[in-house]
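# Fold and contact review
Each chain, written out:
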Amino acid sequence: MSVFLVGLFGGAVATADTVVFSENFQATPTGTLGAPWAVSQAGASTAVVRDTVDHTRVLDLRGSAANGDFLIASRSFSSAATEVKETFAVNPSVGSAFVTALNGAGASLGARRIRLQQDPGSTTLVAQTSPSGNTNCGTLPPGVWSTVILHVHAAALPHTFDVLVNGAATACTGISTGLSAPFTGLNVMDAANDGFGGSVLFDDFLVVSP
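In what follows, the accompanying structure is described. Predicted model, so just to flag it, every value in this text is computed and none were measured.

## So, the packing of aromatic side chains
The full count for this structure, using the stated rule, is eight aromatic pairs. Arranged with centres 5.9 Å apart and planes meeting at 20°, the rings of F25 and W37 form a pair that is stacked. You can see F25 sitting in the loop between β3 (18-23) and β4 (31-32) and its partner W37 sitting in the loop between β4 and β5 (38-42), a full 12 residues away along the chain. Comparing F25 with W37, the two get one shared label, buried. Arranged with centres 6.2 Å apart and planes meeting at 50°, the rings of F88 and F202 form a pair that is tilted. Of the two residues, F88 sits in strand β9 (residues 83-92) while F202 sits in strand β19 (residues 198-209), which places them 114 residues apart along the sequence. Since its relative accessible area comes to 1%, F88 is described here as buried. An aromatic cluster is defined as three or more aromatic residues linked by ring pairs; in this entry it consists of F25, W37, F88, F98, F202 and F205.

Set out below in structure tokens:
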């Protein structure tokens, strides 16, 4: 939906973005994450919705560090917009690892997504897509909430994206990507790689188009 205000001469003036997807878990029952999220997993990795003192109700991705254990929690949507902005809040525990992805069209698997991820034991947020590969964006500290923004510009070639953390620009600015409209969904993942795991809290997912 779009938000409008009355202009100086009475006309309607658009002042807000169109909401493509929104999830803050406030209406989601606590316990194991279920529909409308699609969850695939193996081993001991789990995803639960729980209440917190500092951020009300959130998604807790509890990854198992065992090799081969994984979990992917996905939500689908559809947007033909050529400019989209994804925002989410994240709080990784010390030593934890995670992957998020914004998905859409593209010429290859790597071009059909932009991943934002943090490796085990690292505090660096890394963006991964094709053709640019891995780009170190900046620091994502453990044990505190951070707001991450992924802004994709796919109206003209070359398609690019920017990543902001807590409103500040990062080294991931104007990075090339093959990701294109239509945008089709997002996911969070505990990867099957050895060492990936730990508790990572997520909240306030929002995808908008101008």
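## Some words on the pattern of salt bridges
On inspection of all chains with the given rule, the structure shows four salt bridges. Here R75 and E23 are joined by a salt bridge, their closest N and O atoms 3.0 Å apart. Highlighted residues: R75 in strand β8 (residues 70-79) and E23 in strand β3, separated in sequence by 52 residues. A salt bridge links D51 to R57; its shortest N-O distance comes to 2.8 Å. Judged by relative accessible area, which is 46%, D51 ranks as partly exposed. Bridged by salt links that share partners, the residues R50, D60 and R62 form one connected network.

Cut-offs and rules
Residues numbered from 1 in each chain as written. Predicted model: local features only at pLDDT ≥ 70, side-chain atom pairs only at ≥ 80, totals over all residues. Heavy atoms only, no water. Phe/Tyr/Trp six-rings, centres within 6.5 Å; stacked < 30°, edge-to-face > 60°. Helix = DSSP H or I, 4+ residues; strand = E, 2+ residues; numbered from the N terminus. Buried < 20%, exposed > 50% of the residue type's maximum accessible area, 1.4 Å probe, protein only. Salt bridge = Lys/Arg side-chain N within 4 Å of Asp/Glu carboxyl O.

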